[in-house]
Structures are given as C-alpha cells and as structure tokens.
Amino acid sequence: MRFSGKRAVVTGGASGIGRATALRLADEGASVLIGDIDEAGGQALADASGSRIQFQRTDVLQAGDIEALMQAADDAGGLDIVFNNAGAGGSRDPIGEISPEDWDRTQALLLRSVALGIRYAAPLMAKRGGGAIVNTSSVSALGTGYAPTAYSTAKAGVLHLTKQAAADLARHAIRVNAVVPGFIVTNIFTRMLDLDAAKTSKADAMIAHIAADAQPIRRPGTGDDIAAAVAFLASDDASFITGTHILVDGGMTIGTRPSWDPAQPSLFSILDSLK
Ligand SMILES: NC(=O)c1ccc[n+]([C@@H]2O[C@H](COP(=O)([O-])OP(=O)(O)OC[C@H]3O[C@@H](n4cnc5c(N)ncnc54)[C@H](O)[C@@H]3O)[C@@H](O)[C@H]2O)c1
C-alpha cells in the first residue's frame, strides 16, 4: 500500500498501459483520476473500481482539458502523482512526405501533451510540498526501426523534457522520470487501422504472436509490466531518483538479434560455414 492517502492522475487511463497503471496505483491505495477521450472505457473502469478510480473526459490535445484534469485532482484533496501517458501512433508518413499539419498533430498528441501535463501539475504539487511525475516514452526514442518518424521524434522529446523538467522542479521536491516501454500488447496497434471486429481479432492474434518473439525475453510485454515500473518511480522507493528513465522492453534494445537469438545467423556462424 505504497500510495495510501495519495491522489494520482493517469492520462490515457481507459486502455492498455494507462489502465493497468491506474489499477496498480489503486490496488496500492491511491485515489486515481483517469483522463481519456474514450468515455465508455474510462467510465466502465471507474464504475468497476468501487470508487477507487474516477473518470474525467480529457482530450490531451486541449490545454484546457489537461489543466481541468489536474485541477479536479487538486480540488478533491491534492495532487501527488501524475502519469502523462495518453497517446496513439500518430502519422505514419515518412519525413519526405508528411504534411506540416500531420507533423504538428503528432507532436501535440505525444510531446506537447506531456509538457502541458507537467506544466499544470507542477504548481499544484509545489504548493503541496512535492510530488512525482512519470512520462511515457518508447524504445523508438532510442533508435530507428521501432515506430514511425514523427512518433519516435516526439518520444525522444519526452525523454529530454523529462530531464529538463526534473532539473526545473527539483527545488519544489517534484521528481520527474520516464518509462520506456518496448513492444507491449495493447490496442494501440489495431487503433491505427480501420478494421472490422473479425479482422481486429485476427490482428490481435498476430500481434500477440509477434510480440512473444520480438525480444530476448520470450513472452509478450503487458501493461502490467509497465505499471510495475511506473508504480516504483511514483513511489517513495524511488525518492532519490529523478530525471531518468526505466527501460521495460524485455531486452529488445540490448543488441542486434543474432546476439540473443540462436536461430539467427551471426557473422561468425556464416563464416564458420566456409570452414
Ligand atoms: N503499446 C506499446 O507497445 C507502446 C510502446 C511504447 C510506448 N507506448 C506508449 O504508451 C502509451 C499508452 O499506449 P497504449 O499502448 O496503452 O495504447 P492504448 O491505445 O491501449 O491506450 C492509449 C489510451 O490513450 C487514449 N488517448 C488517445 N488519444 C488521446 C487524447 N487525445 N486525449 C486523451 N486520451 C487519448 C486512448 O483513448 C487510450 O485509452 C502511449 O503514449 C504510447 O505511445 C506504447
């Protein structure tokens, strides 16, 4: 019960990583306010939670919605923890083709939303004597080939924003960290496609299969894997940790595939075949 008496805000809390984290924080004693554009999903989670989780419709593209979400938590008794997590895939266009509008929209969804989440949470936490903020980045912030260009660039921005904000806010006893998920099985992938129910369920099966084989740890990553890291960063167990990130990727980024997958030929296994 690391969060007894604490109040947390989770954006994107109606689904996937945000949903798992809202449940984890609530299970450990927090009162959780989730903000999401998915009213049915958000309200259903709140209704099933026995009043541990509340829902407020929030579009993180709207500064006023983010400010109102943070203020609602403060009005309910004070804001201690914020998980800036809402997001989607954004534009998949390559840099040589993307429109200015699509670029801006993706950055606004994935980077500006996090900046504004911090912006509006910080004064409320400061007057309370401190707090903990966790932001969702991605392995796509660390290298190419994981996600589209606009998305990956925004997620890299989230990592640097995390450091800058940690430096700015340490004087107010506010810690700011990020979580860096690898391939996590959520609805984010099928949301990017316009599929009917039958095709969505086929796509879900394909995603689960691919996710189990995408990294050295041979099982699909789950929202609970990310929630555990977020809960740690948000808790007093991490009271001397700020301005950094935890990579939760099953080892996906440790090296090239032949280094960890015996089925993949390495340079030397190819050359050895000449002997
Ligand atoms: N799933 C992965 O493999 C993965 C990997 C790295 C990072 N991430 C990041 O994790 C975060 C959560 O994604 P997820 O995988 O749980 O996906 P998800 O689709 O299951 O959940 C995302 C949630 O964000 C909400 N959302 C989308 N746009 C919003 C908006 N404008 N305002 C408010 N809410 C909005 C959605 O309604 C949804 O409930 C995202 O920032 C995503 O980029 C996911």
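For the structure, check the block above.
Remember, predicted model here, so these are calculated numbers, not experimental data. (Residues numbered from 1 in each chain as written. Predicted model: local features only at pLDDT ≥ 70, side-chain atom pairs only at ≥ 80, totals over all residues. Heavy atoms only, no water.)

### Things to note about the pairing of strand E3 (residues 53–57)
Looking along a regular strand, one sees the side chains alternate between the two faces of the sheet. By the bridge criterion, five bridges tie strand E2 (residues 31–36) to E3 in an arrangement that is parallel. Bridge pairing in E3 links Leu-33 to Gln-54. (Pairing = 2+ DSSP bridges. Helix = DSSP H or I, 4+ residues; strand = E, 2+ residues; numbered from the N terminus.)

### Concerning a negative patch on the surface
Together, Asp-93, Glu-97, Glu-101, Asp-102 and Asp-104 make up a negatively charged patch on the protein surface. For Asp-102, the location among the structural elements is in helix H4 (residues 100–128). Of the residues examined, Asp-102 reaches a relative accessible area of 33% and is grouped as partly exposed. (Patch = residues over 30% accessible without salt bridge, like charges linked within 9 Å, V, L, I, M, F, W, Y side chains within 5 Å. Areas by Shrake-Rupley, 256 points an atom, 1.4 Å probe, with all protein chains shown as cover. Salt bridge = Lys/Arg side-chain N within 4 Å of Asp/Glu carboxyl O. Lys, Arg positive; Asp, Glu negative; His and termini not counted. Charge placed at Lys NZ, Arg CZ, Asp CG, Glu CD. Buried < 20%, exposed > 50% of the residue type's maximum accessible area, 1.4 Å probe, protein only.)

### Overview of the site of the ligand
Around the ligand sit 29 residues in total, of which Ser-15, Asp-36, Tyr-151, Thr-186 and Arg-191 are the nearest. Between the ligand and Ile-17 there is a distance of 2.8 Å, counted from an oxygen atom to a backbone nitrogen or oxygen. Measuring from a nitrogen atom of the ligand, one finds a backbone N or O atom of Val-60 at 2.9 Å. If the ligand stood free it would expose 830 Å²; the protein chains cover 96% of that surface. Among the secondary structure elements, those contributing two or more residues to the shell around the ligand are helix H1 (16–27), helix H5 (149–169) and helix H6 (188–191). Among the elements that take part in the shell around the ligand, H6 stands out by supplying three residues, more than any other. In terms of residue class, the shell around the ligand is built from twelve nonpolar, twelve polar and five charged. (Near = heavy atom within 4 Å. Polar contact = N/O pair within 3.5 Å; in protein donor to acceptor, adjacent residues only side chain to side chain. Nonpolar A, V, L, I, M, F, W, Y, C, P; charged D, E, K, R; others polar.)

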